[in-house]
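Analysis of the macromolecular model
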Amino acid sequence: MRKNILNRWIIIAITIIFAILLIINDLKFYSNKDTSSTDFLFDSKIINLGLDLRGGTEYLLSPKIDRWLLSHKDIDPDKKDILKKSIESFKKKHEDNLENSIFDFDSLKKYLQSPIETLLIDGKTEDDLRLDLKASLENNKNVIQSRIDDKGVVEPSVRVVGERISVEIPGKQTTKELEDLITSSALLEFSALKYGIESQKEVEKWVKKYPDLKILATEIPDIGWVYLKKENVIKFKERVLLKETAWFKNHKFAYLNPELYLPQLLDNNILKDGDRLICVLHKNIPSLKGEHVLDATVQSDGTLDNSYKIALNLRNDKTIELPDQMRKYFQGNEPNEKKSATEVWSEYTGRNLSKVVAITLDDEILTAPTIQARIDEGRSIISGFENYSKAENITITLNNSKFEVPLQKEYEYKSGPELGAEMIYLGSLAFIVGILCIIIFMMIYYRKSGIIASTALIINVIIMTAVLSFLGATLTLPGIAGFILTIGIAVDANVIIFERIKEEIRKGNPPLSAIELGYDRAFITILDANITTLLTAIILFLLGTGPIKGFAITLGCGILASMFTAIYVTRTIYESLYYSKSPKELSI
């Protein structure tokens, strides 16, 4: 028996020591004022504080349903003009603040001035559209989660809220480039250049052909180039969206950041930061898009200025149906069959030496290289990135697919750590007061046995905190509530055991037998109660988001820790105290 008790104490001691080391690791990290530091004792996993405790940034993202509706399968093709007029009316009304204007179903109904069903094919309803939107937002949510996980953001919360997506980034993590990462549609396209910087007269001709576009473009004096001022870029793009003439079916406007190729225009104050030059690209040549990219990786370009490039590998599966403009490259080679991206790129580059092909992301030109040789391996390079983070962001968006519905930022909310500090203080105060009240009650009501239960309770808190640290869990205000709740659950198990022991003593059983029978008969009751609560915690974790998950994690960890301390630790203490003495009565 003594050997058995010694083995138990060894297990308890190892558990407590390991738990204390994990807690010290957390204390070492949080004692450092610079929370972006990597000053850990031995492990980078710590208890992360949620947005409500630590402060941070929340983005609310809205779907651009105008773009989504224009290509939706349930829109009656004969009614698309009516839809376009409604969208156009909305944009004219909000033209001065398009970037912050939200076009949703309510807006559509207001400007449509008739039920949404009038736009749909027979049998479809507004509810069907909303369900499709919800499914698309769920897909977008998963894409955003993957992107920011790849970026290394610590414990973000991404969830669909109604017909919006909420993204919460706790703490002082870098969010400067995160906005682009969570709003970029990641529409990558390879397009042959038709009119670029050297052919600005042709660009100007096609811009001026459309009066509503012409009014937004500005000409650079003496040079004759057309460009868009920063405040007109979004307006121009939104107006282009509604164009469906024959020319726009085969061509598209793309936008060039002068900082990439013509920084002297910025240096000489001819253009300003955010302005864009306009180019014209072939829309269906060579007909390669982001979904044809197998993977993308960031590499150093090996130059002295430490620039970076993105290496693209194209897919080999035959999924591309060639548009009419590309079939000429495959004459005599079964042009009607589906081709792989590697085949298309090889044929196109082989037959277009010395020509320029632009690689665009959401119609912004990333690079426009001149083809120097046939590329047979299905590879391509996007070069010219001055910092790693920019290249990494684009790589992440490409590797995690594109959005099913475009998104825009509705608002950004930043909360400082001051409110979080107050919440931590109040939560800690509630926890300390709660545990002191429990300890005092147990010691008064159960005497020495109450001291045993209180000791186990303190061990329970240590183990529970260590488990949360080991998991790298996020602690939220509901999580603190779950923490306090499990303290009550842990004491509840001791109360059941003590009352069983009392019952056995009243039956006339000697103290040692009463302890054995009390624990054995209470075990099933405690196990049953804790399993049902644990199942509830698991369901909350699987189905909940954000703070709900935080509550579920602390509740689940607390239940497991309380079973260990209430059953294993207290019984070991009892046996250590009483088996060597054979007492005549128990202090309970």
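Before reading further, recall that the structure is shown in the block above.
These lines cover the structure that appears in this document, whether it is placed above or below. (Residues numbered from 1 in each chain as written. Predicted model: local features only at pLDDT ≥ 70, side-chain atom pairs only at ≥ 80, totals over all residues. Heavy atoms only, no water.)

Bringing the sheet that holds strand β3 (residues 157–161) into the picture now. If you trace the four strands from one edge of the open sheet to the other, you get β3-β4-β2-β18, paired in antiparallel fashion. Edge positions in the sheet fall to β3 and β18 (407–415), since each has one partner strand and no second. Within the sheet, the average angular offset between the axes of one strand and its neighbour, ignoring direction, is 20°. Contacts from helix α6 (residues 126–151) reach β2 (56–63), β3, β4 (164–170) and β18 within the one sheet, and its direction differs from that of β3 by about 170°. (Pairing = 2+ DSSP bridges. Helix = DSSP H or I, 4+ residues; strand = E, 2+ residues; numbered from the N terminus. Axes fitted to C-alpha atoms, helices over the stretch in contact; angles between N-to-C directions. Contact = heavy atoms within 4.5 Å.)

The three strands are arranged β11-β12-β17 in an open sheet whose pairing can be described as antiparallel. Each edge of the sheet is formed by a strand with only one pairing partner; in this case those strands are β11 (293–300) and β17 (379–385). Between one strand axis and the next, the sheet turns by 20° as a mean value, whatever way the strands run. Here β11 pairs with strand β12 (residues 308–314) via seven bridges, running antiparallel. Across the sheet, V298 pairs through a bridge with I310, a residue of β12. In the packing of helix α16 (residues 388–399) onto the sheet, the strands contacted are β11, β12 and β17, and the crossing angle to β11 comes to about 170°.

Now for helix α8 (residues 200–208). What α8 keeps buried is the set Q200, V203, E204, W206 and V207. One face of α8 carries all of its buried residues, which in axial projection span an arc of 165°. (Buried < 20%, exposed > 50% of the residue type's maximum accessible area, 1.4 Å probe, protein only. Arc of directions from axis to C-beta.)

Let us look at α16. Between the first and last C-alpha of α16 there are 16 Å, a value that for twelve residues agrees with the 16 Å anticipated at 1.5 Å per step. Within α16, burial applies to A391, E392, N393, I394, T395, I396, T397 and L398. Looking at the residues trailing α16, positive phi occurs at S401, about 65°. (Expected span 1.5 Å × (residues − 1).)

With that settled, consider the environment of A430. Of note, A430 is situated in helix α17 (residues 417–471). Exposure remark for A430: the relative accessible area of 40% places this residue in the partly exposed category. For the pair formed by A430 and S146, sequence separation is 284 residues and the distance between their alpha carbons is 37 Å.

For the bond from I285 to P286, the omega torsion is 5°, close enough to zero to count as cis. Along the chain, P286 falls in the loop between β9 (276–282) and β10 (288–289). Even without glycine at this site, A186 takes up a positive phi of about 60°. Relative to the elements of secondary structure, A186 occurs in the loop between α7 (178–183) and β5 (188–195). A positive phi angle is found at D362, which is not glycine, with a value near 55°. Looking at the element boundaries, D362 is found in the loop between β15 (357–361) and β16 (364–367).

To describe a pair of aromatic rings, you give the distance between the ring centres and the angle between the ring planes. For the coordinates displayed, the defined rule picks out 20 aromatic pairs. Between F18 and F470, the aromatic rings sit 6.5 Å apart at their centres with planes inclined by 65°, giving edge-to-face as the arrangement. With a gap of 452 residues between them, F18 in helix α1 (residues 2–31) and F470 in helix α17 connect regions that are remote in the sequence. Residue class for F470 comes out partly exposed when judged on its relative accessible area of 45%. Centroid distance F441 to Y445: 5.6 Å. Interplanar angle 15°. Geometry classified as stacked. With F441 and Y445 both in helix α17 and four residues apart, the pair spans about one turn of that helix. F441 gets classed as partly exposed once you look at its relative accessible area, which sits at 47%. Residue classification places Y445 among the partly exposed positions, given a relative accessible area of 44%. Put simply, the rings of W206, Y210, F236, W247, F248, F253 and Y255 touch in pairs and so form one group of aromatic residues. Its guanidinium or amino end placed over the ring of Y568, R8 lies 5.4 Å from that ring's centre, counting from NZ or CZ. A cation over an aromatic ring shows up here: R147 above the ring of F403, its NZ or CZ 4.4 Å from the ring centre. (Phe/Tyr/Trp six-rings, centres within 6.5 Å; stacked < 30°, edge-to-face > 60°. Lys NZ or Arg CZ within 6 Å of the ring centre and 35° of its normal.)

Here helix α4 (residues 80–93) crosses helix α5 (residues 105–112) at 105°, and the two axes come no closer than 9 Å. For the element pair α4 / α5, the angle class is roughly perpendicular. Packed against α4, whose contacting residues are I82, L83, S86, S89, F90 and K93, the element α5 presents S107, L108, Y111 and L112 at the interface. Here the residues of the contact of α4 with α5 are counted per class, giving six nonpolar, three polar and one charged. (Parallel < 35°, antiparallel > 145°, perpendicular 65-115°, else oblique. Nonpolar A, V, L, I, M, F, W, Y, C, P; charged D, E, K, R; others polar.)

Assignment of secondary structure puts T486 in helix α18 (residues 477–506). Taking relative accessible area as the criterion, T486 reaches 1% and is therefore assigned buried. In this structure the side chain of T486 is engaged in a polar contact, spanning 2.7 Å, whose partner is the backbone oxygen of F483. Sequence-distant contacts of T486, defined by excluding residues within four places in its chain, comprise M464, T554, L555, G558 and I559. (Polar contact = N/O pair within 3.5 Å; in protein donor to acceptor, adjacent residues only side chain to side chain.)

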